[in-house]
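What follows is the residue order along each chain.
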Amino acid sequence: MCGIIGYTGYSDARGKLIKGLKVLEYRGYDSAGIAVKTNGQDEIIKCKGRVEKLEKITESITNSTTGIGHTRWATHGEVSDTNSHPHKFGKVTLVHNGIIENYKSHVRKYSLEGKLQSQTDSEVAAAVIDSCYDTDPISAIYNAVKEFKGTFAFAVMFDDIKDKIFAIRNVSPIVICRNNDGAYIASDILAIGEYSKEYFVLPEMSVAVLEKSKVEVFNTSGEKIEPEMMPYDWSNNDSGKGGYPFFMEKEIMEQPDVIQKTVAGRIKDGFVDFSSDNIDDSLFENIDNISIIACGTAMHAGLIGKGLIEANIRIPCEVHYASEFMYKSPIINKNTLVICVSQSGETIDTLEALKYAKRQGAKSLSIVNVRGSSIARESDSVIYTWAGPEIAVASTKAYTTQVCIFFLITARLAQINGTMSKNEISSFIEQIELLPDAVKYVLDSREKLHHLANSMLSAEHVFMIGRGQDYYALMEASLKLKEISYIHCEAFASGELKHGTIALITEGTPVVALMTQEKLKLKQISNITEVKSRGAKVITLIKKSLNDGSLECSFELPDLADDFMVVPSVVAMQLLAYYVSSDKGLDVDKPRNLAKVVTVE
């Protein structure tokens, strides 16, 4: 949550900062600001609202080559011009991601009552750094952050130090790169990746000093250290809209390609092979149970993983909300494999749960999309989803590639544990390889889904019903509709309707019914009939081979084995949610009250 950008070099700083903030706006978009050095002074311009507004009010700034910027998602203090970043106190100007939990004690300790302009913990951090500053900026930063409890990423400028940016972090991400035109800092490589083919993640509690011609990093002992450089392997075109009105539509349409990319390199000679991920079979051996830890959409992918693993491998598998995991005394030991799922690899709840599990002796594997992210670095092993940059707040292609990784893990576990024959594993993998075409089938039929979306535009409530893996798929579909259309939507296990929830069904209530599981077909038909008899307006999505005319079919899904139907099913319902939101005239990519990356607990 919140985005940081910084640049010092030989070109126009304001232009680079605004460009970077536009990329980072998915991390927070209630306010934005920049601070640039002009004529020896730190000039701060900030405002409530989107980066587009900031761009207009900073047009006159043309003579600065050093600056920092921020796009905010409010945590401390209301949304306002004053609470926007950057913040300045004394000689210190900074931008901040994270939360300083003990900031109120610093207000008292440093006698800041009546001296602060904002309600934020970030301005308090600037005041503490300023109070520690004499002539040595690195010592001032270290001495200040030693007092802070919480997570933070700071980019700092000092009034009396020309053309230098200082940075430090604890948990919250900071990435840095440079080229012949200067040095760049951001909270996400997407904002600065176009400037260099390699970058590094700032090590925790190390100070980076960015100058026009170099970047240096120092540890707490003041020793210079060499950070690990990583390649930036996403095309600049990947982060644009590609001619679509919204990033979400573009990202939905990319799914056949990213699924193919995610699975193809991990299938060799008809078997799953994770050697390119530097994972050998020892990771999956001698495990008695599996714990999947995730939040939101990633957790829904984990539920699919649970169903696959338990049905095909017969290993007990639990799925945990990351935010609840370590507070519920989970049963974790050296025979547990913990699988953490996160698109960004920076989700703070998942990261802290992972650290807890490792302290209990568990093996750890992460499924993430961003190379070098915090969760990836903390895990024993990592499998990257090759989804490319995902800008829309509502996740789409990240989800389907995460599910595909669970298919691959299931196939590998089956081979190691002998729970499938060679022929069964071969058939399983053939189904994985059919997924891109199955998704393309849905995408090619998207106008039918657009037509179905019209029936939900004025709905106050929508319910979704399914059985088995269909129910888990609908949990994700329900979240998509809620977060981008603001329609109250709930997914129900169909068999539970009669135990209370059918009381919510009234005349004209839209109900989305999913039917892709052959062994549950007759029971699902019965449940659909139940809600129809109560006056529900039912939208049915049915697998082609199950569409025998016994139900009116609203949308026919392609044929795959039952285990694999979740992918085309969810893609269809991503489109359904997308069309509802866009036809209502909403900002599909930036839904209210939500940010893409959650880096505060």
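Just above, that's the structure.
Residues numbered from 1 in each chain as written. Predicted model: local features only at pLDDT ≥ 70, side-chain atom pairs only at ≥ 80, totals over all residues. Heavy atoms only, no water.

J.: Would you mind going over the sheet that holds strand S3 (residues 41-48) in detail, with residue names and values included?
T.: Strands in a sheet are paired, the pairing made by backbone hydrogen bonds, and the direction either parallel or antiparallel. Spatial ordering of the open sheet is given by S3-S2-S4-S1-S10-S9-S11-S15, a layout of eight strands whose pairing is antiparallel. Looking at the sheet topology across the chains shown, the edges are occupied by S3 and strand S15 (229-231). Looking at each pair of strands side by side, their axes are set apart by 20° on average, direction ignored. Relative to strand S11 (residues 198-201), strand S9 (residues 175-179) runs antiparallel, the two sharing two bridges. Looking at S11, one finds that Ile176 is bridged to Phe200. Set on the sheet, helix H1 (residues 13-24) makes contact with strand S1 (3-9), strand S2 (31-38), strand S4 (66-72) and strand S10 (182-186); between it and S1 the angle comes to about 155°. (Pairing = 2+ DSSP bridges. Helix = DSSP H or I, 4+ residues; strand = E, 2+ residues; numbered from the N terminus. Axes fitted to C-alpha atoms, helices over the stretch in contact; angles between N-to-C directions. Contact = heavy atoms within 4.5 Å.)

J.: Pulling in residues and values, what's your account of the nonpolar core?
T.: In this structure, Ile192, Ile290, Ile339, Phe407 and Ile409 are the most contacted members of the largest nonpolar core, which totals 126 residues. With twelve residues, the top contributor of residues to this core is helix H17 (residues 566-583). In contact with Ile409, not counting residues within four places along its chain, are Phe274, Phe284, Ile339, Leu365, Ile367 and Ile383. Counting 31 residues, the second largest nonpolar core, distinct from the first, contains Val107, Leu112, Ile129 and Tyr133. (Core = buried A, V, L, I, M, F, W, Y, C linked by side-chain atoms within 4.5 Å. Buried < 20%, exposed > 50% of the residue type's maximum accessible area, 1.4 Å probe, protein only.)

J.: Before we move on, could you go through the pattern of salt bridges and cite the residues and values that matter?
T.: As enumerated under the stated definition, the model contains 26 salt bridges in all. Here Arg50 and Asp587 are joined by a salt bridge, their closest N and O atoms 3.1 Å apart. With Arg50 in the loop between S3 and helix H2 (51-57) and Asp587 in the segment after H17, this residue pair connects regions lying 537 residues apart in the sequence. Between Lys358 and Glu378 there is a salt bridge, and its shortest N-O distance comes to 3.9 Å. Here Lys358, found in helix H10 (residues 348-359), pairs with Glu378, found in helix H11 (residues 374-378); they are 20 residues apart in sequence, far enough to count as distant. Overall, the relative accessible area of 24% leaves Glu378 in the partly exposed class. (Salt bridge = Lys/Arg side-chain N within 4 Å of Asp/Glu carboxyl O.)

J.: Go over helix H15 (residues 469-485), please, and point to the residues and values.
T.: Under the 1.5 Å per step criterion, the end-to-end length of H15 is 24 Å for 17 residues, consistent within 8% with the ideal 24 Å. Most of H15 is tucked away: 14 of the 17 residues are buried. One or two residues past the end of H15 sits Tyr486, with phi positive at roughly 65°. (Expected span 1.5 Å × (residues − 1).)

J.: Give a detailed account of the sheet that holds strand S23 (residues 461-466), specifying residues and quantitative values.
T.: Strand order in the open sheet made by the five strands is S24-S23-S25-S26-S27, with parallel pairing throughout. Each of the sheet's edge strands pairs with one partner strand only, and the pair in question is strand S24 (488-493) and strand S27 (555-557). Adjacent strand axes in the sheet meet at a mean angle of 20° when their direction is disregarded. As paired elements, S23 and strand S25 (residues 510-515) share three bridges and run parallel to each other.

J.: Residue-level account of the packing of helix H8 (residues 296-313) against helix H12 (residues 397-417), with values.
T.: Contact pair H8 / H12: the axes reach a minimum separation of 9 Å and the direction vectors enclose 20°. Between H8 and H12, the crossing angle belongs to the class labelled roughly parallel. Crossing handedness for the pair H8 and H12: right-handed. Packed against H8, whose contacting residues are Thr297, Ala298, His300, Ala301, Gly302, Ile304, Gly305, Leu308, Ile309, Asn312 and Ile313, the element H12 presents Tyr399, Gln402, Val403, Phe406, Phe407, Thr410, Leu413, Ala414 and Asn417 at the interface. Class assignment for the residues of the contact of H8 with H12 results in twelve nonpolar, eight polar and no charged. (Parallel < 35°, antiparallel > 145°, perpendicular 65-115°, else oblique. Left-handed = near helix turned anticlockwise from the far one by under 90°. Nonpolar A, V, L, I, M, F, W, Y, C, P; charged D, E, K, R; others polar.)

J.: Can you tell me about the packing of aromatic side chains, naming the residues and giving the values?
T.: Within this structure, the stated rule accounts for 17 aromatic pairs. Ring geometry for Phe246 and Tyr578: centres 6.2 Å apart, planes at 75°, overall edge-to-face. Linking Phe246 in the loop between S15 and helix H6 (247-253) with Tyr578 in helix H17, this pair joins segments that are 332 residues apart in sequence. Between the aromatic rings of Tyr384 and Trp386, the centroid separation amounts to 5.9 Å while the plane-to-plane angle is 40°, which identifies the pairing as tilted. Judged by its relative accessible area of 12%, Tyr384 falls in the buried class. Trp386 gets classed as partly exposed once you look at its relative accessible area, which sits at 22%. Each residue in the set Tyr7, Tyr184 and Tyr195 is aromatic and connected to the rest through ring pairs, giving one cluster. Across the ring face of Tyr486, the terminal group of Arg592 is positioned such that the distance to the ring centre comes to 3.8 Å. (Phe/Tyr/Trp six-rings, centres within 6.5 Å; stacked < 30°, edge-to-face > 60°. Lys NZ or Arg CZ within 6 Å of the ring centre and 35° of its normal.)

J.: Got a sec to walk through the side chain of Ser187? Specific residues and values, please.
T.: With respect to the element layout, Ser187 can be found in the loop between S10 and S11. You can call Ser187 buried: its relative accessible area is 3%. Within the local environment of Ser187, its side chain forms a polar contact with the backbone nitrogen of Ile4, the two atoms lying 3.0 Å apart. Apart from residues no more than four positions distant in its own chain, Ser187 is found in contact with Cys2, Gly3, Ile4, Leu24, Arg27, Asn97 and Pro173. (Polar contact = N/O pair within 3.5 Å; in protein donor to acceptor, adjacent residues only side chain to side chain.)

J.: Pulling in residues and values, what's your account of the pairing of S9?
T.: On a regular strand, one side chain projects to one face of the sheet and the next to the other, so that they alternate. As paired elements, S9 and S10 share five bridges and run antiparallel to each other. Bridged to Cys177 within S10 is Tyr184. Here S9 folds back onto S10, and the loop between the two strands holds two residues.

J.: Explain H1 to me, and be specific about the residues and the numbers.
T.: Its twelve residues give H1 an end-to-end C-alpha distance of 16 Å, which sits within 8% of 16 Å, the value for a rise of 1.5 Å per residue. Where H1 is concerned, the buried positions are Ala13, Arg14, Lys16, Leu17, Ile18, Gly20, Leu21 and Leu24. On its buried side, H1 packs onto S1, S2, H2, S4 and S10.

J.: Explain the pairing of strand S21 (residues 363-368) to me, and be specific about the residues and the numbers.
T.: With five of its six residues buried, S21 lies for the most part within the structure. Where strand S20 (residues 336-342) and S21 come together, six bridges link them in parallel fashion. Looking at S21, one finds that Val341 is bridged to Ile367. Chirality of the crossover, the property in question, places the unit of S20, H10 and S21 among those that are right-handed. Inspection of the sheet shows S21 paired to strand S22 (residues 381-384) by four bridges, in the parallel sense. When the sheet's bridge partners are listed, Val368 is paired in S22 with Tyr384. (Right-handed = clockwise from strand over helix to strand, strands pointing away.)

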